[in-house]
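Coordinates in review
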Amino acid sequence: MTAVRKMPATPEALRAVLTEVAPHRLAEFDEARAKATGQAREATDPTPLRVFTEMWAVEVAIERDPDAAALLRTLEHKADVVTDLAEARDIVRQIAAIRRTAAIAAGVLPEDTGR
């Protein structure tokens, strides 16, 4: 994944970036945001909105890197049809690596110090 600047920390800012990089995902974003907002209001707890924002910061970081986004879609498709256990494990490892790199780029996880 190429270097990506830190993601904005608000749903509004994430939506604005998503509009530029992956407008086809706006309906999914809006639906998830409405659900998180409802859960937060119902529970009188901001946790659902925090989880939503962190999750979508990672999704937007992936979408900002077209190569990573395309590879992730390919791997997810392969995961749906793979029958070989070793291949399935490799696919899971690759998906996890893409998501971890995006989470670091989004500021959701700390920089990897290589320890």
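Residues numbered from 1 in each chain as written. Predicted model: local features only at pLDDT ≥ 70, side-chain atom pairs only at ≥ 80, totals over all residues. Heavy atoms only, no water.

**So, unusual backbone geometry**
Positive phi values are uncommon outside glycine, yet Thr44 reaches one of about 50°. We classify Thr44 as exposed; its relative accessible area is 72%. (Buried < 20%, exposed > 50% of the residue type's maximum accessible area, 1.4 Å probe, protein only.)

**Observations concerning the pattern of salt bridges**
A side chain of one charge can pair with a side chain of the opposite charge if their charged atoms are brought near each other. On inspection of all chains with the given rule, the structure shows ten salt bridges. Between Arg25 and Glu59 there is a salt bridge; the shortest N-O distance is 3.0 Å. Taken as a pair, Arg25 in the loop between α1 (11–21) and α2 (26–43) and Glu59 in helix α3 (residues 47–63) lie far apart in primary sequence, 34 residues in all. The same class applies to Arg25 as to Glu59, namely buried. (Salt bridge = Lys/Arg side-chain N within 4 Å of Asp/Glu carboxyl O. Helix = DSSP H or I, 4+ residues; strand = E, 2+ residues; numbered from the N terminus.)

**Here we look at the environment of Arg33**
Considering the arrangement of structural elements, one finds Arg33 in helix α2. Between the C-alpha atom of Arg33 and that of Thr53, which follows or precedes it by 20 residues, the distance is 8.4 Å.

**Description of α3**
Between the first and last C-alpha of α3 there are 24 Å, a value that for 17 residues agrees with the 24 Å anticipated at 1.5 Å per step. If you check which residues of α3 are buried, you get Pro48, Phe52, Thr53, Trp56, Ala57, Val58, Glu59, Val60, Ala61, Ile62 and Glu63. (Expected span 1.5 Å × (residues − 1).)

**As for the nonpolar core**
The tendency in soluble globular proteins is for nonpolar side chains to be buried side by side. Counting residues in hydrophobic clusters, the biggest one holds 24 residues, and the most contacted among them are Leu14, Leu18, Phe29, Trp56, Ile62 and Ile98. Within the residue set of this core, elements represented by two or more residues are α1, α2, α3, α4 (66–81) and α5 (85–105). (Core = buried A, V, L, I, M, F, W, Y, C linked by side-chain atoms within 4.5 Å.)

**Things to note about the side chain of Glu63**
Tracing the sequence through the fold places Glu63 in helix α3. On the accessibility criterion, Glu63 (9% relative accessible area) is buried. Reaching out from Glu63, the side chain makes a polar contact with the side chain of Arg25 at a distance of 3.0 Å. Not counting the four nearest positions on each side in its chain, Glu63 is found in contact with Val21, Ala22, His24, Arg25, Ala69 and Arg73. (Polar contact = N/O pair within 3.5 Å; in protein donor to acceptor, adjacent residues only side chain to side chain. Contact = heavy atoms within 4.5 Å.)

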